[in-house]
Amino acid sequence: MTFTTRFAPSPTGPLHLGHAYSALLAHDMARAAGGRFLLRIEDIDQSRARPAWEAQIKDDLTWLGVTWDAPPLRQSDRLKTYRAALDQLWAQGLLYACTCSRADIAAALSAPQEGTERVIGPDGLVYPGTCRPKAPGGPSPTPAEAVLRLDMRRALAALGERANRFDETGAGPSGETGSILTSAATLIAEVGDVVLARREMGTSYHLSVVQDDAAQGITHVVRGRDLFEATPIHVLLQHLLGLPTPIYHHHRLIRDDHGKRLAKRDDARALSTYRAEGADPANIRRMLDLSS
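Since the structure is predicted, the reported quantities are computational estimates derived from the model, not experimental observations. Along each chain, residue indices are assigned from 1 in the same order as the chain's sequence is written. A pLDDT threshold of at least 70 governs which residues receive local features in this predicted model, and a stricter bar of 80 or more applies before side-chain atom pairs are shown or counted, although totals over entire chains, interfaces and linings include all residues. Side-chain metrics rest on all non-hydrogen atoms present in the structure, leaving aside hydrogens and water.

Participant: If you had to explain the pattern of salt bridges to someone new, which residues and values would you point to?
Facilitator: Whenever a carboxyl oxygen of Asp or Glu lies within 4 Å of a side-chain nitrogen of Lys or Arg, that contact is scored as a salt bridge. This model, assessed by the stated rule, comprises 15 salt bridges. For Asp45, the salt bridge is made with Arg48, and the minimal N-O distance between the two is 3.8 Å. The buried label goes to any residue with under 20% of its type's maximum accessible area, the exposed label to any with over 50%, and the partly exposed label to all in between, with areas taken from a 1.4 Å probe on protein chains only. A residue is classified by how much of its surface remains accessible, and Arg48, at 48% relative accessible area, is partly exposed. A salt bridge links Arg154 to Asp151, with the shortest nitrogen-to-oxygen separation between them at 2.4 Å. Overlapping salt bridges, with partners in common, bring together Arg6, Arg40, Glu42, Arg78, Asp212 and Asp213 in one network.

Right, dumping it as structure tokens:
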């Protein structure tokens, strides 16, 4: 199987040094292995995605010397694929519609019932299960324009321990590496019933990323350490949907002088700013401690 990596930016702002590090690292790993490097445009949030940012992303990557080996995959072209995956999970009784707002969730957790705690998971506060049905839904059509959550307990009951393991060649926030096993109890308590379809998008990051990695034949997912805690969700979904599980490589995050992770609003570290000031790709590599 050909070693295949990808870089998957959202066209909602300029690329910064953190993006450059991730793209260059994935690109370098693919080239060193004689493999393929692919580009994906994660534009499911159409309220924020802009064609001008997509054009700037491609221009910045080309300037860095990053080349991709196939036309970019664009998520907004794949909404029917995501809907088919939701239909599959709904038919299995693993999804339910949720009407809770963020304020509702916070309020429900502010005066917790016995056995309920405020826990922060990969998507924020772990959902307390307010809308979770006592029995799985029937074969009726998947609700359209609804927030759909994964019933974590039922998903784990269907798959067992085999859905909770992945191979890590980088390192998690606490240095986790090698074969990573996440217990079912941890997934229930610290991840919970994650959203797989948002009302305004018809999908979610978690659902889309596993579908897209499979469609592009990604064998090695190279991404920031901030996504390490989301990986067990993705591995679970891969098993539920019959998709392959890649090898994961979570890398260090690029931070500012105060130790804060870079964000797109941090224009001072945007690649376009460095370019305008006369930097070249070799300068960027030196800043990132990446050999050319």
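Participant: Let's hear about the packing of aromatic side chains: which residues, and what values?
Facilitator: Any Phe, Tyr or Trp ring, taking Trp's six-membered ring, that has another such ring centre within 6.5 Å forms a pair; planes under 30 degrees apart are called stacked, those over 60 apart edge-to-face, and the others tilted. Here the structure, examined in full by the defined rule, presents two aromatic pairs. With centroids separated by 5.8 Å and ring planes inclined at 65 degrees, the aromatic side chains of Phe166 and Phe228 adopt a geometry described as edge-to-face. Here Phe166, found in strand S8 (residues 165-168), pairs with Phe228, found in the loop between strand S11 (220-224) and helix H8 (231-241); they are 62 residues apart in sequence, far enough to count as distant. Residue Phe228 is classed as buried on the basis of its relative accessible area of 8%. When the ring of Phe166 is compared with that of Tyr248, the centres are 5.6 Å apart and the planes differ by 75 degrees; the resulting orientation is edge-to-face. Here the residue Phe166 occupies a position in strand S8, and Tyr248 occupies one in strand S12 (residues 247-251), the gap between them amounting to 82 residues. Note that Arg149 overlies the ring of Tyr127, its terminal NZ or CZ placed 3.8 Å from the centroid. Under the scheme used here, helices are H or I runs from DSSP no shorter than 4 residues and strands are E runs no shorter than 2 residues, and both carry numbers assigned from the N terminus. Charges are assigned to positions over rings by a cutoff of 6 Å between ring centre and Lys NZ or Arg CZ, combined with an angular limit of 35 degrees from the ring normal.

Participant: Describe the sheet that holds strand S10 (residues 195-197), listing the residues and the values that go with them.
Facilitator: Should DSSP find at least two bridges between two strands, the strands are regarded as paired. Strand order in this open sheet of three strands is S4-S7-S10, and the pairing throughout is antiparallel. What marks the edges here is a single partner per strand, and that holds for strand S4 (95-98) and S10. Ignoring which end each strand starts from, the neighbouring axes of this sheet average 45 degrees apart. A contact between two residues is defined here by any heavy atoms of the two lying within 4.5 Å. Throughout, an axis means a line fitted to C-alpha atoms (over the contacting stretch in the case of helices), and angles, computed between N-to-C directions, take values from 0 to 180 degrees. Of the strands in this sheet, S4, strand S7 (147-150) and S10 touch helix H3 (residues 79-91), which is tilted by about 105 degrees from S4.

Participant: Run through the environment of Ala20, naming residues and quoting values.
Facilitator: Inspection of the secondary structure puts Ala20 in helix H1 (residues 17-32). Overall, the relative accessible area of 1% leaves Ala20 in the buried class. Placed 46 residues apart in sequence, Ala20 and Val66 show a C-alpha to C-alpha distance of 9.6 Å. Beyond its immediate chain neighbours, meaning those up to four positions away, Ala20 contacts Leu64, Leu271, Ile284 and Leu288.

Participant: Quick rundown of the packing of H3 against helix H7 (residues 205-215)? Include the residues and the values.
Facilitator: For the pair H3 and H7, the least separation of the axes is 10 Å and the interaxial angle reads 110 degrees. In this view, H3 runs roughly perpendicular relative to H7, as classed from their interaxial angle. Taking contact as the criterion, the partners of Thr81, Tyr82, Ala85 and Leu86 in H3 are, on H7, Leu207, Ser208, Gln211 and Asp212. As a working rule, the residues Ala, Val, Leu, Ile, Met, Phe, Trp, Tyr, Cys and Pro are called nonpolar, Asp, Glu, Lys and Arg charged, and the rest polar, with Gly in that last group. Looking at the contact of H3 with H7 residue by residue, the classes come out as four nonpolar, three polar and one charged. Here the angle decides the label: under 35 degrees means roughly parallel, over 145 means roughly antiparallel, 65 to 115 means roughly perpendicular, and every other value means oblique.

Participant: Run through the environment of His249, naming residues and quoting values.
Facilitator: Relative to the assigned elements, His249 resides in strand S12. On the basis of relative accessible area, His249 is assigned to the buried category, the value being 18%. Here the alpha-carbon distance between His249 and Arg199, two residues 50 residues apart in the chain, equals 31 Å. Discounting chain neighbours no more than four positions away, the residues touching His249 are Leu25, Met29, Glu168, Thr169, Gly170, Val221, Val222 and Arg223. Nitrogen and oxygen atoms within 3.5 Å of one another constitute a polar contact, given that in protein one can donate a hydrogen and the other can accept it, and given that sequence-neighbouring residues count only through two side-chain atoms. Engagement of the side chain of His249 in a polar contact is seen with the side chain of Thr169, the distance being 2.9 Å.

Participant: Give a description of the packing of H7 against H8 that names residues and reports values.
Facilitator: Two elements in contact, H7 and H8, have axes whose closest approach is 9 Å; the angle formed by their N-to-C orientations is 60 degrees. As judged from the angle between their axes, H7 and H8 are oblique. Here H7 runs over H8; the crossing is right-handed. Packed against H7, whose contacting residues are Tyr205, His206, Leu207, Val209, Val210 and Gln211, the element H8 presents Ile233, His234, Leu237, Gln238 and Leu241 at the interface. For the contact of H7 with H8, a count of residues per class yields seven nonpolar, four polar and no charged. Throughout, a crossing is termed right-handed when the near helix is turned clockwise from the far one, and left-handed when it is turned anticlockwise from it by less than a right angle.

Participant: Provide a residue-level description of the environment of Pro281, including the pertinent values.
Facilitator: Along the chain, the position of Pro281 falls in helix H10 (residues 281-287). Once the C-alpha coordinates of Pro281 and Tyr82 are considered, the two residues, 199 residues apart in sequence, prove to be 37 Å apart. Discounting chain neighbours no more than four positions away, the residues touching Pro281 are Trp63 and Leu64.

Participant: Give me helix H5 (residues 152-159): which residues, what numbers.
Facilitator: If you check which residues of H5 are buried, you get Met152, Ala155, Leu156 and Leu159. Each buried residue of H5 lies within a common arc of 95 degrees when the element is viewed along its axis, so the set occupies one face. Counted as exposed and oriented over 90 degrees from the buried face of H5: Ala157 and Ala158. The secondary structure elements touched by the buried residues of H5 are S7, helix H6 (184-190) and H8. Following H5 by one or two positions, Gly160 adopts a phi angle in the positive range, close to 75 degrees. Arc definition: it is the arc formed by the directions from the helix axis to the C-beta atoms.

Purely geometric numbers; function is a separate question.
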